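The residues making up each chain are set out below.
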Amino acid sequence: QVQLVESGGGLVQPGGSLRLSCAASGFTFSSYTMNWYRQAPGKERELVAAITSAGSSTNYADSVKGRFTISRDNAKKTVYLQMNNLKPEDTAVYYCSARIPNRIWGQGTLVSVSS
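Engineer: Can you tell me about the side chain of Asn35, naming the residues and giving the values?
Structural biologist: In this fold, Asn35 is placed in strand 4 (residues 34-39). Of note is the side chain of Asn35, whose polar atom sits 2.9 Å from the side chain of Arg103.

Engineer: Please provide a residue-by-residue account of the state of the cysteines, values included.
Structural biologist: Going through the model one piece at a time under the given rule, you end up with one disulfide. Disulfide partner of Cys22: Cys96, at an S-S distance of 2.1 Å. Here Cys22 and Cys96 share a disulfide; its torsion about the S-S bond, -80 degrees, makes the bridge left-handed. In this pair, Cys22 sits in strand 3 (residues 18-25) while Cys96 sits in strand 9 (residues 92-99), placing the two residues 74 residues apart along the sequence. Of the residues examined, Cys22 reaches a relative accessible area of 0% and is grouped as buried.

Engineer: Describe in detail the sheet that holds strand 3, supporting the description with residues and values.
Structural biologist: Spatial ordering of the open sheet is given by 1-3-8-7, a layout of four strands whose pairing is antiparallel. Looking along the sheet, the strands with just one partner apiece sit at the ends: strand 1 (3-7) and strand 7 (68-73). Between one strand and the next, the sheet's axes are offset by a mean angle of 15 degrees, whatever the strand orientation. With five bridges connecting them, strand 1 and strand 3 associate as antiparallel partners. Note that in strand 3 the partner of Leu4 across the bridge is Ala24.

Engineer: Hey, could you go over the side chain of Arg72 for me, with residue numbers and the actual values?
Structural biologist: Inspection of the secondary structure puts Arg72 in strand 7. No salt bridge forms around the buried Arg72; measuring N to O, its nearest opposite-charge neighbour Asp73 is 8.3 Å away. Among the polar contacts listed, one links the side chain of Arg72 to the backbone oxygen of Phe29, at a separation of 2.8 Å. Within the local environment of Arg72, its side chain forms a polar contact with the backbone oxygen of Ser53, the two atoms lying 3.3 Å apart.

Engineer: How would you sum up the pattern of salt bridges? Please name residues and give values.
Structural biologist: One pass over the full model with this rule turns up four salt bridges. With its nearest N and O atoms 3.2 Å apart, the salt bridge here joins Asp62 to Lys65. Since its relative accessible area comes to 66%, Asp62 is described here as exposed. The salt bridge partner of Asp90 is Arg67, with a shortest N-O separation of 2.7 Å. Taken as a pair, Asp90 in the loop between strand 8 (78-83) and strand 9 and Arg67 in the loop between strand 6 (58-60) and strand 7 lie far apart in primary sequence, 23 residues in all.

Quick notes on the rules
Residues numbered from 1 in each chain as written. Predicted model: local features only at pLDDT ≥ 70, side-chain atom pairs only at ≥ 80, totals over all residues. Heavy atoms only, no water. Helix = DSSP H or I, 4+ residues; strand = E, 2+ residues; numbered from the N terminus. Polar contact = N/O pair within 3.5 Å; in protein donor to acceptor, adjacent residues only side chain to side chain. Disulfide = S-S within 2.5 Å. Buried < 20%, exposed > 50% of the residue type's maximum accessible area, 1.4 Å probe, protein only. Pairing = 2+ DSSP bridges. Axes fitted to C-alpha atoms, helices over the stretch in contact; angles between N-to-C directions. Lys, Arg positive; Asp, Glu negative; His and termini not counted. Salt bridge = Lys/Arg side-chain N within 4 Å of Asp/Glu carboxyl O.

Here you go:
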């Protein structure tokens, strides 16, 4: 069964940090680019970060460059999103995703940034 399961969301104050994890199963994780998306209330889902299959290349949305870091552990079939210096505008449900070749999604994890 193909599955992505996110974890690590929560409530954090502005300037704080969180690390999201996404555990994959049911497909050859090490063969695919992995993505993190987010969807804020009332807004469209947007791509936050991407990492290639071997982890050799990453890309970020301009809004998170210098604050977020995507990484992966192919042995553990897990992709991570380290989020530092969080801002209220980072509040959203964060989703892990891959195209294998159909697009698959996790259930999402809520990140709330508020004082």
